[in-house]
Amino acid sequence: KRKYFMAHRIGVIQRSKIRELFERASKMENVISLGIGEPDFDTPNNIKEAAKRALDEGWTHYTPNAGIPELREAIAEYYKKFYGIDVEVDNVLVTAGAYEATYLAFETMLEQGDEVIIPDPAFVCYVEDAKLAEAKPIRLPLREENDFKPDIDELLERITKRTRMIVINYPNNPTGAVLDKETAKAIADVAEDYNIYILSDEPYEHFLYDDAKHYPMIKFAPDNTILANSFSKTFAMTGWRLGFVIAPTQIIREMIKLHAYIIGNVASFVQVAGIEALRSKESWKAVEEMRKEYNERRKLVLQRLRKMPYIKVREPKGAFYVFPNISETEMSSEEFSEWLLEKAKVVVIPGTAFGENGEGYVRISYATSREKLIEAMDRIEKALEEI
Ligand code: PLP
């Protein structure tokens, strides 16, 4: 208890820069936000109907802490069906989104002073989770030349006696990168050889483009992987707060203890809707439609950015982000974001919000309608031409 109090009192937890920019922009008029990483689609109708039915059927009470058994079964079934991976129900814990899943991984796996390898750039919550667990984040640079994948030698150089866990997140936020099978296997081998756990955060697994494939980390290092996943992005359910962890039994047991006192259980009717999401053809059809639309937007944004002065961009193959290099503007990432908000009224996130190595980049989210994206691209182009 004391450590949480301390953490807040001395202000070690940083407010997300993404939310900060977003809030500032919301006070301005006529702003287009390419800032927030959240699907702009509505949750598929069959899932919403299932939730309404569940309420009428009396799903208004506590459930087992680990989640409704049928949902845990549906999650295990899903891994078998999609990836041919055997998952036992006892290895699944239903959480309030991937946020809770990653938090539980840090809190249960790390003791004070333990080291956790966190890529740079990386999604914002991991470093803050490490601080809450009083663990030491060791940043592992992800470089554009290497398609924003970890370099295995650099990973090995960072391993010490205190290394307990490494965070992996593909398809990646903020870069949109995906991980190839060889690199995924190599990371798994390192984890097994050095007895390190991989926290693999995989909420964008269904947003893959062209020939990209996803390899859940539990496929390669089942005994060393804590897999965090979520319904948020896949089924456009960010507000429902539904996710899960898959981990070795002993770890799940420890996680349930913490989860039992902070969440109790995820809302009962939301869990019932989660069963529908995973088992119904209708929801998967909706996922594929969203994926296709994201792909069109991705192509649109790439095509436009490539024609703009000062901007260099690699083709991302996953998630719904583009991470262009803006260093030729001679502005820092933060200066560029501020300048673009003032000059073009477009919100993009400075790469440095995700770590020092994000300097020289900005994150553009294309989870926004094509009309808005076109208007935003027109504005960015005009602003850049006037430099
Ligand atoms: N992990 C990554 C990489 C994310 O991008 C997000 C949300 O943006 C989350 C976790 C948290 O998602 P959830 O809504 O499932 O808590």
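It should be noted that the structure appears before, not after, this text.
Draft legend 1. Focus on the nonpolar core. The biggest cluster of nonpolar side chains holds 64 residues, and the ones touching the most others in it are Phe106, Val116, Ile118, Met165, Ile226 and Met255. Counting residues per element, this core draws most heavily on helix H5 (residues 97-109), at six residues. Shared between two domains, this core holds at least three residues of each, these being domain 1 (2-42 + 283-385) and domain 2 (46-280). Once residues within four sequence positions are removed from consideration, Phe106 is found in contact with Val116, Ile118, Tyr126, Asp129, Ala130, Ala133, Met165, Val167 and Leu199. By size, the runner-up hydrophobic cluster in this structure holds 37 residues, among which are Met331, Val348, Ala376 and Ala383.

Draft legend 2. View of the layout of surface pockets. The computed volume of the largest pocket comes to approximately 740 Å³. For the largest pocket, the lining is made up of 32 residues, of which Tyr99, Phe123, Val124, Cys125 and Arg241 are closest to its centre. Counting residues per element, the ones that place at least two in the lining of the largest pocket are helix H2 (17-26), H5 and helix H6 (125-132). Partitioned by chemical class, the residues of the lining of the largest pocket number 14 nonpolar, 10 polar and eight charged. Domain assignment of the residues forming the lining of the largest pocket places at least three in each of domain 1 (2-42 + 283-385) and domain 2 (46-280). Looking at the second largest pocket, its volume works out to about 320 Å³.

Draft legend 3. Seen up close, the sheet that holds strand S4 (residues 136-141). What the seven strands build is an open sheet, ordered S2-S8-S7-S6-S5-S3-S4; its pairing is mixed. Where the open sheet ends on each side, the last strands, each with one partner, are strand S2 (92-95) and S4. On average, each strand axis in the sheet is inclined to that of its neighbour by 20 degrees, with strand direction left out of account. Here S2 pairs with strand S8 (residues 243-246) via four bridges, running antiparallel. Its bridge partner lying in S8, Thr95 is registered against Gly243. Its contacts with the sheet put helix H4 (residues 69-83) on S2, strand S7 (225-230) and S8, and the angle it makes with S2 is roughly 115 degrees.

Draft legend 4. Here's a closer look at the sheet that holds strand S11 (residues 349-350). Taken in spatial order, the three strands line up as S9-S12-S11 in an open sheet, and their pairing is antiparallel. Each edge of the open sheet carries a strand with a single partner, namely strand S9 (321-322) and S11. Bridge count for S11 against strand S12 (residues 362-365) is two bridges, and the pairing is antiparallel. Bridging from a neighbouring strand, Ile349 pairs with Arg363 of S12.

The rules we used
- Residues numbered from 1 in each chain as written.
- Predicted model: local features only at pLDDT ≥ 70, side-chain atom pairs only at ≥ 80, totals over all residues.
- Heavy atoms only, no water.
- Core = buried A, V, L, I, M, F, W, Y, C linked by side-chain atoms within 4.5 Å.
- Buried < 20%, exposed > 50% of the residue type's maximum accessible area, 1.4 Å probe, protein only.
- Helix = DSSP H or I, 4+ residues; strand = E, 2+ residues; numbered from the N terminus.
- Domains from an automatic or database assignment.
- Contact = heavy atoms within 4.5 Å.
- 1 Å grid on protein atoms, 1.4 Å probe; cavity = no way out; pocket = protein on both sides within 12 Å on 5 of 7 lines; lining within 4 Å.
- Points joined across faces, edges and corners; volume = space filled by probe spheres on them.
- Nonpolar A, V, L, I, M, F, W, Y, C, P; charged D, E, K, R; others polar.
- Pairing = 2+ DSSP bridges.
- Axes fitted to C-alpha atoms, helices over the stretch in contact; angles between N-to-C directions.

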